[in-house]
Amino acid sequence: MTLVDLMLSSTTVDISPQLLILLAIILLCVGLGAKGLAEKDITPSHLRRPPGPYGVPVLGNLLQLGREPHKTLTAYRKTYGNVYQLTLGSRPTVVLNGYDTVRKALVKQADDFAGRPDFYSFNFIANGKSMGFGDLSPRWRMHRKIAQNALGMFANKKQNPIEDNILDEAKLLVSNLVALGSSSDGTTVPVDPHNEVYLSVGNIICAMCFGERYQRDDPDFLHLVKMNDEFMRFAGAGNPVDIMPWMRHFTKGSFKRFIGILNTMDNFCLKKRQEHLDTYIPGELRDITDALIRIVQETPEEEKAAVGLTDEHILTTVQEMIGAGFDTISTTIMWAILFMAAHQDFQQKVQKEIDQVIGKGRFPSADDIQSLPFTEACIIETMRHSCIFPFALPHATTCDTSLDGIYIPDKTLIFVNLWSVNHDENVFPEPEKFNPYRFLKPDGSVVDKLSFFPYGCGKRKCPGELLARLEVFMFFTTLLQRCTFKPVDGDTIKLNSKYGLTLKPNDYKVIVSQRGLD
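Every chain's residues receive numbers from 1 upward, in the order its sequence appears when written. Since the coordinates come from a predicted model, pLDDT governs what is reported: local features require at least 70, and pairs of side-chain atoms require 80 or more to be given and counted, while whole-chain, interface and lining totals use all residues. Side-chain descriptors were evaluated using all non-hydrogen atoms of the structure, hydrogens and water having been removed beforehand.

**Student:** So what's going on with the overall build of the protein chain? Residues and values would help.
**Tutor:** A count of helical and extended segments in the protein chain gives 19 helices and 10 strands. Out of the 518 residues belonging to the protein chain, those deemed buried represent 53%. It only takes one pair of heavy atoms within 4.5 Å for two residues to be counted as in contact. Restricting the contact set of the protein chain to residue pairs at least 6 apart, pairs at least 24 apart contribute 75%. Summed over its atoms, the accessible surface of the protein chain is roughly 23500 Å², and 54% of this surface lies on carbon and sulfur atoms. Numbering of helices and strands runs from the N terminus, with a helix taken as a DSSP run of H or I at least four residues long and a strand as a DSSP run of E at least two residues long. To sort residues, take the accessible area from a 1.4 Å probe on protein chains only and compare it with the maximum for the residue type: under 20% means buried, over 50% means exposed, and anything in between is partly exposed. For the accessible areas, the method is Shrake-Rupley and the probe is 1.4 Å, while residue cover comes only from the protein chains on display.

**Student:** How would you sum up the sheet that holds strand β3 (residues 395-396)? Please name residues and give values.
**Tutor:** The pairing of strands in a sheet happens through backbone hydrogen bonds and is either parallel or antiparallel. One open sheet accounts for four strands, arranged β1-β2-β6-β3; its pairing is mixed. Here the strands that pair on one side only, and so sit at the sheet edges, are β1 (83-88) and β3. As judged from the six bridges shared by β1 and strand β2 (residues 91-97), these two strands associate in the antiparallel manner. When the sheet's bridge partners are listed, Leu86 is paired in β2 with Thr93. Under this scheme, a helix contributes an axis fitted over its contacting stretch, all axes are lines through C-alpha atoms, and angles between N-to-C directions fall in the 0 to 180 degree range. Set on the sheet, helix α3 (residues 69-80) makes contact with β1, β2 and β6 (413-417); between it and β1 the angle comes to about 130°. Against the sheet, helix α4 (residues 99-108) contacts β1, β2, β3 and β6, and its axis sits at roughly 115° relative to β2. Each pair of strands is called paired provided DSSP finds at least two bridges between the two strands.

**Student:** So, the nonpolar core: which residues are in play, and what are the values?
**Tutor:** Among the nonpolar cores identified, the biggest contains 148 residues, and Leu73, Leu96, Phe210, Leu479 and Phe485 are the most heavily contacted of them. With 14 residues, the top contributor of residues to this core is helix α15 (residues 317-342). Phe210 has contacts with Phe268, Cys269, Lys272, His276, Asp287, Thr289, Val318 and Ile322, leaving out every residue within four places of it along the chain. As used in this record, nonpolar core signifies buried Ala, Val, Leu, Ile, Met, Phe, Trp, Tyr and Cys residues forming a set joined through side-chain atoms within 4.5 Å.

**Student:** Outline helix α17 (residues 373-386), supporting the account with residue identities and numerical values.
**Tutor:** Helix span, as expected, comes to 1.5 Å for every residue beyond the first. Between its terminal C-alpha atoms α17 stretches 20 Å, which fits the 20 Å expected from 14 residues at 1.5 Å a residue. In terms of burial, α17 is largely enclosed, as 13 of its 14 residues are buried. The first or second residue beyond α17 is Cys387, which carries a positive phi of 45°.

**Student:** Got a sec to walk through the pattern of salt bridges? Specific residues and values, please.
**Tutor:** By convention in these notes, a salt bridge is any Lys or Arg side-chain nitrogen within 4 Å of a carboxyl oxygen on Asp or Glu. In total, this model carries 26 salt bridges according to the counting rule given. One salt bridge connects Lys271 with Asp220, and the closest N-O pair in it is separated by 3.2 Å. Placement of the pair is Lys271 in helix α11 (residues 252-279) and Asp220 in helix α9 (residues 219-237), with a sequence separation of 51 residues. Of the charged contacts, one joins Lys461 and Glu465 as a salt bridge, the two residues approaching to 3.1 Å between their closest N and O atoms. For Lys461, a relative accessible area of 32% gives the class partly exposed. Among the ionic contacts, a cluster of salt bridges with common partners joins Asp168, Glu169, Glu196, Arg213 and Arg216.

**Student:** Can you explain the packing of helix α16 (residues 344-357) against helix α19 (residues 465-482)? Please cite residues and give values.
**Tutor:** The geometry of α16 relative to α19 is characterised by a closest axis approach of 9 Å and an angle of 95° between their N-to-C directions. With respect to α19, the element α16 is oriented roughly perpendicular. Judged by residue contacts, Gln347, Val350, Gln351 and Ile354 of α16 engage Phe476, Thr477, Leu480 and Gln481 from α19. The residue makeup of the contact of α16 with α19, split by class, is four nonpolar, four polar and no charged. Comment on the angle field: the value is read as roughly parallel under 35 degrees, roughly antiparallel over 145, roughly perpendicular from 65 to 115, and oblique elsewhere. Basically, the charged four are Asp, Glu, Lys and Arg, the nonpolar ten are Ala, Val, Leu, Ile, Met, Phe, Trp, Tyr, Cys and Pro, and anything else, Gly included, counts as polar.

**Student:** Which residues make up the packing of aromatic side chains, and what values go with them?
**Tutor:** Working definition: rings of Phe, Tyr and Trp (its six-membered ring) pair if their centres are within 6.5 Å, and the pair is stacked with planes under 30 degrees apart, edge-to-face with planes over 60 apart, and tilted otherwise. Taken as a whole and judged by the stated rule, the model has 24 aromatic pairs. With 4.9 Å between their ring centres and 65° between their planes, Phe122 and Phe133 make a pair best called edge-to-face. Placement of the pair is Phe122 in the loop between α5 (110-113) and α6 (138-155) and Phe133 in the loop between α5 and α6, with a sequence separation of 11 residues. Residue Phe122 shares its accessibility class with Phe133, and that shared class is buried. Chaining the aromatic ring pairs together yields one cluster made of Trp335, Phe339, Phe346, Phe374, Phe434 and Tyr437. Over the ring of Phe374 we find Lys349; its NZ or CZ atom is 4.8 Å from the centre of that ring. A ring is considered to have a charge above it if a Lys NZ or an Arg CZ atom is located within 6 Å of its centre and within 35 degrees of its normal.

**Student:** So what's going on with the pairing of β6? Which residues, and what values?
**Tutor:** Most of β6 sits out of view: five of its five residues are buried. Side chains Leu413, Phe415 and Asn417 of β6 all project onto a buried face; the interleaved residues Ile414 and Val416 project onto the opposite face, where all are buried too. Judged from the five bridges that link them, β2 and β6 form a sheet pairing that is parallel. Residue pairing for β6: Asn97 is matched across the bridge by Asn417. Sheet topology places β3 next to β6; two bridges connect them, and they run antiparallel.

**Student:** So what about the packing of α16 against α17? Which residues, and what values?
**Tutor:** For the pair α16 and α17, interaxial distance at closest approach is 8 Å and the crossing angle is 140°. Between α16 and α17, the interaxial angle falls into the category oblique. Taken as a pair, α16 and α17 cross one another with a handedness that is left-handed. Across the interface between the two elements, Phe346, Lys349, Val350, Glu353 and Ile354 from α16 touch Pro373, Phe374, Thr375 and Cys378 from α17. Helix crossings are classified by the rotation of the near helix relative to the far one: an anticlockwise turn of less than a right angle makes the crossing left-handed, while a clockwise turn makes it right-handed.

Right, here's the structure in full:
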């Protein structure tokens, strides 16, 4: 579902034709007036305004985006260059394309492009105390540092058994997929791996945040998983009120559902937080929640007050970690299974490498990463090809700035087009082809530098990169060590995606068979 689809489907009041006509006339005047004001903006003489396609009043370029906006905006790059502007509703929006331009903006001019837009919906995520959706500020910097420190404690193999938890979930995932793929008479049954993958990955982040793994049928856990899935779908469709504030009066039903999802997730985390506060023992860290409680208690009040950071800001960090940890990793694993089923030759080579290095007498560990270059190349190519975050989260400029000779005013909405980076045919010949050899040097080792950003870059780079890399590697190698994935007889595997905040593969089924352990 696109933003336009949501906007048209979420109206919850009846409007007469006469009122619609009057509303259209008013909005047309507003749109033309806003356009006139925008044209009066003063651009420094040595810079130029960003080029871009013409839109229509009120909606801007929304109707031109289609059902695959990432591909549409990448196609515009050929006409307008790496930095161009379009209008989404009433919001001028600058789109950044290509590796060099994106890196220049987010790394070399990091402070200029690290803001977040003042979207209405952001005020409700984590009760307005979100780190990921929060704007650049001293408070944000301190908040992020705290989150990274807490994550680091529990993604470090020497300090915490998170690797053991991941391996246990990977083993369970293998067992469940094999069981689902076998009937009582010994014949194979097509398997949709989505639910099992999602539950396994969700259990890892819950183990990190709350110190316990859940049974597959635990009602609280299942409800949390469902709500997180709905949040990602809602966020991916977009909130019309963010770019057209006047839509707030006509999308009350849709927005109420969004608030309901957030409240469910908040209540779950509040319950777990209170349990931790009641049983917390200083010096004994069971999980990330304990780490955050310790930080709250040990950080001087004047230090927090100086940047406006409250204890509530710190403790809501766990909610964001859950949201981020569920979807991105599970989606990457879903793509990896699909690519392996579609490319039997690559799957067999991964399995041969795993057999030679690890064998079948033990399970993979993080120490094996350096010894499995082709396996790692397949993981990297999966992330490049799928590009699960085509635009990352929306950015905003924090001051008047320029990029590639183009003037960009303060508080401009910025779309970072990562799809254009991952599918740049000048960097990745035949970008639609799945080819792990792109990331191998002639001697068979993995390239030293990637020409795309699997975990983002700059100040907004994913703080959970270390954990994400560990999870994807452990799940992928365990699955390929113990299972073989094949297309369903007679089916042609399609590598199409469903557009949203993350690009998920279309629903699919594969044949899962257990590999022999001899």
